[in-house]
Amino acid sequence: MASIQGTRRPKGIQGVRRRGIALHAVLVIGLLLSAFPFYWAIIMSTHTSTEIFSYPPKLLPGSHFPQNVRSLFDNIDFFGSMFNSLLVACSVTFLVLFFDSLAAFVFAKFDFPARRLLFVVLMAIFMVPTQMAIIPQFVIMAKIGWIGSMTALIVPAAANAFGIFWMRQYMQSAIHDELLDASKIDGANFLRQYWHVALPVVRPGLAFLGIFTFMAQWNDYAWPLIALTNPDNVTLQVALSQLNGVHGTTDYGMVMTGALLALIPLLIVFAIGAKQIIGDLGKGAIR
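Residues numbered from 1 in each chain as written. Predicted model: local features only at pLDDT ≥ 70, side-chain atom pairs only at ≥ 80, totals over all residues. Heavy atoms only, no water.

K.L.:
Give me empty space enclosed by the protein: which residues, what numbers.
P.N.:
Summed over all chains, the structure comprises 2 cavities of 30 Å³ or more. Roughly 40 Å³ of internal volume is contained in the largest cavity. Lining the largest cavity are Trp 40, Ile 43, Met 44, His 47, Glu 51, Ile 52 and Lys 58. Elements that contribute at least two residues to the lining of the largest cavity include exactly helix H1 (2-45) and helix H2 (49-52). Counting residues per element, the lining of the largest cavity draws most heavily on H1, at 3 residues. One number sums up the size of the second largest cavity: a volume of about 30 Å³. Lining the second largest cavity are Ser 85, Val 88, Leu 153, Gln 217, Asp 220, Pro 224 and Thr 235. Partitioned by chemical class, the residues of the lining of the second largest cavity number 3 nonpolar, 3 polar and 1 charged. (1 Å grid on protein atoms, 1.4 Å probe; cavity = no way out; pocket = protein on both sides within 12 Å on 5 of 7 lines; lining within 4 Å. Points joined across faces, edges and corners; volume = space filled by probe spheres on them. Helix = DSSP H or I, 4+ residues; strand = E, 2+ residues; numbered from the N terminus. Nonpolar A, V, L, I, M, F, W, Y, C, P; charged D, E, K, R; others polar.)

K.L.:
Describe the pattern of salt bridges, listing the residues and the values that go with them.
P.N.:
Evaluation of the coordinates by the stated rule reveals 1 salt bridge. A salt bridge links Asp 177 to Lys 109; the shortest N-O distance between them is 3.2 Å. One end of the pair, Asp 177, is in helix H9 (residues 177-185); the other, Lys 109, is in helix H4 (residues 78-109), with 68 residues separating them in the sequence. (Salt bridge = Lys/Arg side-chain N within 4 Å of Asp/Glu carboxyl O.)

K.L.:
Break down the packing of helix H5 (residues 115-126) against helix H8 (residues 161-174) for me, citing the residues and quoting the values.
P.N.:
Two elements in contact, H5 and H8, have axes separated by 8 Å at closest approach and are oriented at 130°. Considered as vectors, H5 and H8 are oriented oblique to each other. For the crossing formed where H5 meets H8, the hand is left-handed. Contacts between H5 and H8 involve Phe 119, Leu 122, Met 123, Ile 125 and Phe 126 from the former and Ala 161, Phe 162, Ile 164, Phe 165, Arg 168 and Gln 169 from the latter. Tallied by class, the residues present in the contact of H5 with H8 amount to 9 nonpolar, 1 polar and 1 charged. (Axes fitted to C-alpha atoms, helices over the stretch in contact; angles between N-to-C directions. Parallel < 35°, antiparallel > 145°, perpendicular 65-115°, else oblique. Left-handed = near helix turned anticlockwise from the far one by under 90°. Contact = heavy atoms within 4.5 Å.)

K.L.:
Run through a nonpolar patch on the surface, naming residues and quoting values.
P.N.:
On the surface, Ile 135, Phe 138, Val 139, Tyr 221, Leu 225 and Ile 226 cluster together to form a nonpolar patch covering roughly 510 Å² of accessible area. Elements that contribute at least two residues to the nonpolar patch include exactly helix H6 (134-144) and helix H12 (222-227). Ranked by the residues each element gives to the nonpolar patch, the list is headed by H6, at 3 residues. Residue Tyr 221 is classed as partly exposed on the basis of its relative accessible area of 36%. (Patch = residues over 30% accessible without salt bridge, like charges linked within 9 Å, V, L, I, M, F, W, Y side chains within 5 Å. Areas by Shrake-Rupley, 256 points an atom, 1.4 Å probe, with all protein chains shown as cover. Buried < 20%, exposed > 50% of the residue type's maximum accessible area, 1.4 Å probe, protein only.)

K.L.:
Requested: an account of the side chain of Asp 100, with residues and values cited.
P.N.:
Positionally, Asp 100 belongs in helix H4. Sequence-distant contacts of Asp 100, that is, excluding residues within four places in its chain, are made with Leu 95, Ala 159, Asn 160, Gly 163, Ile 164, Met 167 and Leu 209.

K.L.:
Which residues make up the environment of Leu 243, and what values do they have?
P.N.:
In this fold, Leu 243 is placed in the loop between helix H13 (236-241) and helix H14 (252-286). Separated by 24 residues in the primary sequence, Leu 243 and Asn 219 place their C-alpha atoms 16 Å from one another.

K.L.:
Explain the nonpolar core to me, using residue names and the numbers behind them.
P.N.:
Counting residues in hydrophobic clusters, the biggest one holds 27 residues, and the most contacted among them are Phe 105, Leu 153, Met 167, Met 171, Ile 175 and Val 202. Only H4, H6, helix H7 (151-154), H8, helix H10 (190-201), helix H11 (203-219) and H12 provide two or more residues apiece to this core. The residues touching Ile 175, leaving out its near neighbours within four places in the chain, are Phe 105, Lys 109, Leu 180, Ala 198, Val 201 and Val 202. (Core = buried A, V, L, I, M, F, W, Y, C linked by side-chain atoms within 4.5 Å.)

K.L.:
Can you tell me about the layout of surface pockets, naming the residues and giving the values?
P.N.:
Of the pockets and cavities examined, the largest pocket occupies roughly 990 Å³. Taken together, 27 residues form the lining of the largest pocket, with Thr 130, Gln 137, Pro 156, Ala 157 and Asn 160 sitting closest to its centre. Only H4, H5, H6, H8, H11 and H12 provide two or more residues apiece to the lining of the largest pocket. When residues of the lining of the largest pocket are assigned to their parent elements, the largest contribution, 5 residues, is made by H11. Taken together, the residues of the lining of the largest pocket sort by class into 20 nonpolar, 6 polar and 1 charged. Estimates place the volume of the second largest pocket at around 260 Å³. Lining the second largest pocket are Thr 93, Leu 97, Arg 203, Leu 206, Ala 207, Gly 210, Ile 211, Phe 214, Val 269, Ile 272, Gly 273 and Gln 276. Sorting the residues of the lining of the second largest pocket by element identifies H4, H11 and H14 as the ones contributing at least two each. Top element by residues in the lining of the second largest pocket is H11. It accounts for 6 residues.

K.L.:
Let's hear about H8: which residues, and what values?
P.N.:
Here H8 contains 14 residues, and its C-alpha end-to-end distance of 20 Å stays within 8% of the 20 Å for a straight helix at 1.5 Å per residue. Inspection of H8 places Ala 161, Gly 163, Ile 164, Met 167, Arg 168 and Met 171 among the buried residues, and these make up the whole buried set. Buried residues of H8, viewed axially, fall in a sector of 155°; they line one side. Contacts from the buried residues of H8 go to H4, H5 and H11. (Expected span 1.5 Å × (residues − 1). Arc of directions from axis to C-beta.)

Have a look at this one:
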């Protein structure tokens, strides 16, 4: 009997090891596939257009990166447009985190008349494509006099249905009613409950929403192209689109250099937000 058990256990251990090795192999392959576009962008930014379209394709970095950077800075105001994008993305992210989390806290933990009806209306707005709102939004911004300024990009995006829906779902499971009851006994009003009870608990959800909102605003192209009639206020995505030449004269090395430099703020924000998510989840697990 002992000999049978002794022969079965190693086979079970070997099966677990094989499944672990197979899982790690799949993850490594997925990592390589995900990282390859970034690597290819780096490769193309170091070559000329002729070298980019050569066959066989060049898989190693070239020596044309400094020239591409100089051409990029000579053709567009790169740092000025990057500052405009940072201003819009940071402002919208801050406003979305505040207004969406505040509205979600009310929907998730407070009962008031027509709450379900308002949430249904919110979901209906969430399902409407953003492209359908461009024309009425432009008309409203034109009547207010905001066309051509950064305000036309920041104020309409200060709150959105997706953020409210996401934070509501997160708060319903993360914030326990006992915490709110205890805060009420201690004399905390609504704003104190929101600031001292709700926000510390839902920081992982806020981190995800912040990353998602910043990336969406940073990569937005259609609405800034329509609303920013002042060439001094263009965002980075609009400025990069100006690098596309006509009649096949586009310098793709320069374009890829601009796209590569535009990724740096996104990587920084993602690293900060991911660290916040992992750290807060680890603290919650320890608690």
